[in-house]
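Here's the letter readout for the chains.
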Amino acid sequence: CADRVANVMGLMVTPSAFQIRLGGAKGVLVVYPQLQARFGGACDVILRKSQVKFPSSSRLLEILSFSKRNYAHLNQQIIQLLSARGVPDKSILKMMHRALRIAAKIVEEPSVALAHLREMNLIPDSVLDKSRDGGATIDFVMREPFFRSLL
């Protein structure tokens, strides 16, 4: 089911959760493949009583939002956690050097910066698809303070 919804939405990856409205219900639906397998591959939505706000015969599914990939950043807390869990310091230093190399490329090469913003879902495709006279070129993204702060 989630794969079909993601396909209709034109998403490359199937989200693990969707914020929805369905008739008189609203809330978050979580993808649960074991449940689908248990019911013979049926595409069902199971709602909690608390999600149903009012009775409705409508079966229109509205997707308000969906889960997106989130990246961890190598900071002091993460380093301490990794170290406490037995990750060797050499491996942590290797991760740090890799992150610094990527950061340098992002600042130096606009195409790498743009790819990074896209990968992290920090820049909507609508901004990228605008023509030069719309002001959304790579140069604009690299100079614009908001987008620079995302890098």
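Residues numbered from 1 in each chain as written. Predicted model: local features only at pLDDT ≥ 70, side-chain atom pairs only at ≥ 80, totals over all residues. Heavy atoms only, no water.

Draft legend 1. Layout of the overall build of the chain. Counting its regular elements, the chain contains 8 helices and 3 strands. Scanning the chain from its N terminus toward the C terminus, one meets helices and strands in the order α-β-β-α-β-α-α-α-α-α-α. Surface accessibility of the chain: about 11600 Å² in total, with carbon and sulfur atoms responsible for 55%. (Helix = DSSP H or I, 4+ residues; strand = E, 2+ residues; numbered from the N terminus. Areas by Shrake-Rupley, 256 points an atom, 1.4 Å probe, with all protein chains shown as cover.)

Draft legend 2. Region of the structure containing the confidence of the model for the chain. For the chain, per-residue confidence averages 80 on the pLDDT scale, and 79% of positions sit at 70 or higher. The low-confidence segment residues 131–136, where pLDDT is below 50, has 7 contacts with residues more than four positions distant or belonging to other chains. (pLDDT = per-residue confidence, 0-100. Contact = heavy atoms within 4.5 Å.)

Draft legend 3. View of helix α5 (residues 110–119). Taken residue by residue, α5 has Ala113, Leu114 and Leu117 as its buried positions. Buried residues in α5, looked at end-on, bunch into an arc of 95°, giving them a common side. (Buried < 20%, exposed > 50% of the residue type's maximum accessible area, 1.4 Å probe, protein only. Arc of directions from axis to C-beta.)

Draft legend 4. The arrangement of the pairing of strand β1 (residues 17–22) in detail. Summarising the sheet, β1 and strand β2 (residues 25–30) pair through 6 bridges and their orientation is antiparallel. Looking at β2, one finds that arginine 21 is bridged to lysine 26. Adjacent in sequence and paired antiparallel, β1 and β2 are bridged by 2 residues, among which glycine 23 carries a positive phi angle near 60°. Sheet topology note: the β1/strand β3 (residues 61–66) ladder contains 5 bridges and is antiparallel. Bridging across to β3, arginine 21 finds its partner in glutamate 62. (Pairing = 2+ DSSP bridges.)

Draft legend 5. Main features of the nonpolar core. Ala2, Phe18, Ile20, Leu22 and Leu29 form the largest nonpolar core, which has 5 residues in total. The leading source of residues in this core is β1, at 3 residues. Excluding its chain neighbours within four sequence positions, the residues that come into contact with phenylalanine 18 are Ala2, Val5, Met9, Gly27, Val28, Leu29, Val31, Ile63, Ser65 and Phe66. (Core = buried A, V, L, I, M, F, W, Y, C linked by side-chain atoms within 4.5 Å.)

Draft legend 6. A look at the packing of helix α4 (residues 89–108) against α5. It is the contact of α4 with α5, at a shortest axis distance of 5 Å, that shows an interaxial angle of 115°. With respect to α5, the element α4 is oriented roughly perpendicular. Where α4 approaches α5, its residues Lys105, Ile106 and Glu108 are matched on the opposing element by Pro110, Val112, Ala113 and His116. Its residues placed into classes, the contact of α4 with α5 shows 4 nonpolar, 1 polar and 2 charged. (Axes fitted to C-alpha atoms, helices over the stretch in contact; angles between N-to-C directions. Parallel < 35°, antiparallel > 145°, perpendicular 65-115°, else oblique. Nonpolar A, V, L, I, M, F, W, Y, C, P; charged D, E, K, R; others polar.)

Draft legend 7. Region of interest: the packing of aromatic side chains. Across all of its chains, the model carries 0 aromatic pairs by this definition. Over the ring of phenylalanine 66 we find lysine 68; its NZ or CZ atom is 4.4 Å from the centre of that ring. (Phe/Tyr/Trp six-rings, centres within 6.5 Å; stacked < 30°, edge-to-face > 60°. Lys NZ or Arg CZ within 6 Å of the ring centre and 35° of its normal.)

Draft legend 8. Structural detail: the sheet that holds β1. Taking strand neighbours across the sheet as the criterion, the 3 strands line up as β2-β1-β3 in an open arrangement whose pairing is antiparallel. The sheet is open, and its two edges are formed by β2 and β3, each paired on a single side. Averaged over all pairs of adjacent strands, the angle between their axes in this sheet comes to 30°, without regard to strand direction. Sitting on the sheet, helix α1 (residues 2–9) is in contact with β1 and β3, with an inclination near 80° to β3.

Draft legend 9. Summary view of the environment of isoleucine 46. Along the chain, isoleucine 46 falls in the loop between α2 (33–38) and β3. Taking the C-alpha atoms as reference points, isoleucine 46 and valine 30, separated by 16 residues in sequence, lie 9.7 Å from one another. Excluding anything up to four places from it in sequence, isoleucine 46 contacts Leu29, Leu35 and Gln51.

Draft legend 10. Geometry of a nonpolar patch on the surface. Among the surface-exposed residues, Leu74, Ile79, Leu93, Met95, Met96 and Leu100 lie close enough to one another that they form a single nonpolar patch of about 470 Å² accessible area. Per-element accounting of the nonpolar patch gives the leading share, 4 residues, to α4. Locating leucine 100 in the fold gives a position in helix α4. (Patch = residues over 30% accessible without salt bridge, like charges linked within 9 Å, V, L, I, M, F, W, Y side chains within 5 Å. Salt bridge = Lys/Arg side-chain N within 4 Å of Asp/Glu carboxyl O.)

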